[in-house]
Amino acid sequence: MYTLLLFAAAVAANPTTVRDNSSPVTVSKSAPDNAGAAILRPFVSFSIELASFPEYAGNLSKPNKFSNQLLDNLADLQGVKPYIRVGGNTQDFALYDANLRTGINGTVVPAVSTDYPSIVSIGPSFFESYATWPDTKFSFGFDMGKNGTAGMDTLLATAPLACKALKGKLAYWEMGNEPDLFKTSTPDTKRPANWTESDYVNEWLSKTRLVRRQIAKACPEMTTEAQYQYISPSFAGLTNSLDPVKTWQDGLDTDHDIKLNSMHNYIGGATEPGVTLQRTLMNHTSTVHSVQQHVNLSRVLKEEGLAKDIPYILGETNSLYNEGKPGLSNSFGAALWGVDFNLYCASQSIRRTHMHQGTDYRYAAWQPIPTNKTTIGTKAPYYGNIMVAAMLGDSSRSSDIQVVNLPLPQDTEAAYATYIDGKLTRIAVLNMQEYNYTESASSDRPMASYSFQLPETSAKHLSVHRLMANGSDAITGVSWDGWSYNYELKGGAPVRMNNITVGEMVSVDSGVVELKLPYSSGAILNL
């Protein structure tokens, strides 16, 4: 059952408290010097655990129409379907079995993880899943983790199958997932303690060259400079056993086939002490700190003359590693975090993000199939993806879309401006002050007021689109601009909710616009 307390229609009605900004935030007419680099098209994208991919996509006899609908919704807003990176931990566990009658067979080893199988076989029909989502491009992750005969046989066998399945659908190749953790990973993928950046680079070059030779036999047209491209190095972080700067120095891009500098990021761990919704996720300072390490790495690489013309992306990211924490990663608060995190990334020249997904993962944007753990459905974080796509707009109609961070004084708030072809187009505001409706349902929901000094405009009113739920701890009942994308309503297709007022306008007075936000909500002002 879909329920939502109606706040969008009552934002001006007698809140318990209203916290006002001391003075309007000035927003420039044209993109300022501190604007992020133009985002890549598309920006909102996903990473899907290899072992979960057949469940997310289905196969030729039973395509997953629900997943495809959710991708189409995002395409309607950003002009392009999300790019899908298929990989993750199970990428480096997967061995090819030509006799396997199903697409995939996995065995969970609890000592490794209870969330995904660590013994994985894929068969020929695995590659059918790439044909189920029209107009979608994919990155395919090769198994680099398995050394020895089985690993090499898998590379030799899967390269031609993958290239045939991805003709016209390929975004990029990827070799290995988080190799900077190989020295501490499971026995089948473990490297010796003295395995260096140079050793990794040599192995990466050897295996990518092997793959290229195999693809040249099966799909020769896909080995041109324009087609044969990688995302790399796909490190888990910046401070693990392999130094990303030294990796580039040691010749990672010797063959000039790396298209995107891909790193991974999680803002914290699901089992880390002290992780909370307010302190960890709904906290702009925490987000800034997490992203800053990537900003610093990108700067150092440019100063060193390394990867200077290769866009920096997050090829795998989400809230809390170890697949998220119940009550945090699946909450509306995590949706607000996702908006803040993604827009801040864009403002700092991280040019695409792939939010990681997996069946039964707590931070998943949607559950693709019903299981004994999780019901099929659209989850709260998906609505954050929707707001980000709406804020950035249709990239198919614009050459440059840039984002600027508009600093606000509190940890619990954030604001951004979008510039399309240099012109101010939208302003997003987030109030991330925790409001737990399960504890406060009997009291009025507090609000905050935000004001912005706009550049010259003839507009007397601006339209407002709101991201709403009952509170930060809600896991259902989320809406964007009055739309629901719930599976139960229309299989994920947008449905207007008749209990939510839409078409809201706010007035512009002497160039100043004021917006009231209930605690734990977000909104976009459209110029």
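Since this is a predicted model, take the numbers as computed values, not measurements.

A. Quick peek at empty space enclosed by the protein. Overall, the coordinates contain three cavities of 30 Å³ or more when judged by the stated rule. Asn318, Trp337, Met355, Pro381 and Asn385 are, among the 13 residues lining the largest cavity, the residues nearest its centre. At the level of secondary structure, the elements contributing two or more residues to the lining of the largest cavity comprise strand 12 (312-321), helix 8 (332-347), strand 13 (353-357) and helix 9 (380-392). Among the residues making up the lining of the largest cavity, the classes are represented as six nonpolar, seven polar and no charged.

B. How the structure looks around the pairing of strand 9 (residues 170-175). Within strand 9, six of the six residues are buried, which leaves the element mostly enclosed by the surrounding structure. With five bridges joining them, strand 8 (residues 138-142) and strand 9 adopt parallel strand pairing. If you follow serine 139 over to strand 9, its bridge partner there is tyrosine 172. Read from strand 8 through helix 3 (residues 148-165) to strand 9, the crossover connection turns out right-handed. With two bridges connecting them, strand 9 and strand 10 (residues 230-235) associate as parallel partners. Pairing of tryptophan 173 across the sheet is with tyrosine 230, part of strand 10. Traced from strand 9 through helix 4 (residues 197-218) to strand 10, the parallel crossover comes out right-handed.

C. Just the packing of aromatic side chains, in detail. In total, this model carries 30 aromatic pairs according to the counting rule given. Relative to tyrosine 130, the ring of phenylalanine 53 lies with its centre 4.8 Å away and its plane at 45°, an arrangement referred to as tilted. With phenylalanine 53 in helix 1 (residues 53-57) and tyrosine 130 in the loop between strand 7 (119-122) and strand 8, this pair connects stretches of sequence that are 77 residues apart. For the pair shown, phenylalanine 53 and tyrosine 130 are each scored as buried. A ring pair is formed by tryptophan 204 and tyrosine 230, whose centres lie 5.2 Å apart and whose planes are at 65°; its orientation type is edge-to-face. Within this pair, whereas tryptophan 204 is found in helix 4, its partner tyrosine 230 is found in strand 10, the two being separated by 26 residues in sequence.

Cut-offs and rules
- Residues numbered from 1 in each chain as written.
- Predicted model: local features only at pLDDT ≥ 70, side-chain atom pairs only at ≥ 80, totals over all residues.
- Heavy atoms only, no water.
- 1 Å grid on protein atoms, 1.4 Å probe; cavity = no way out; pocket = protein on both sides within 12 Å on 5 of 7 lines; lining within 4 Å.
- Points joined across faces, edges and corners; volume = space filled by probe spheres on them.
- Helix = DSSP H or I, 4+ residues; strand = E, 2+ residues; numbered from the N terminus.
- Nonpolar A, V, L, I, M, F, W, Y, C, P; charged D, E, K, R; others polar.
- Buried < 20%, exposed > 50% of the residue type's maximum accessible area, 1.4 Å probe, protein only.
- Pairing = 2+ DSSP bridges.
- Right-handed = clockwise from strand over helix to strand, strands pointing away.
- Phe/Tyr/Trp six-rings, centres within 6.5 Å; stacked < 30°, edge-to-face > 60°.

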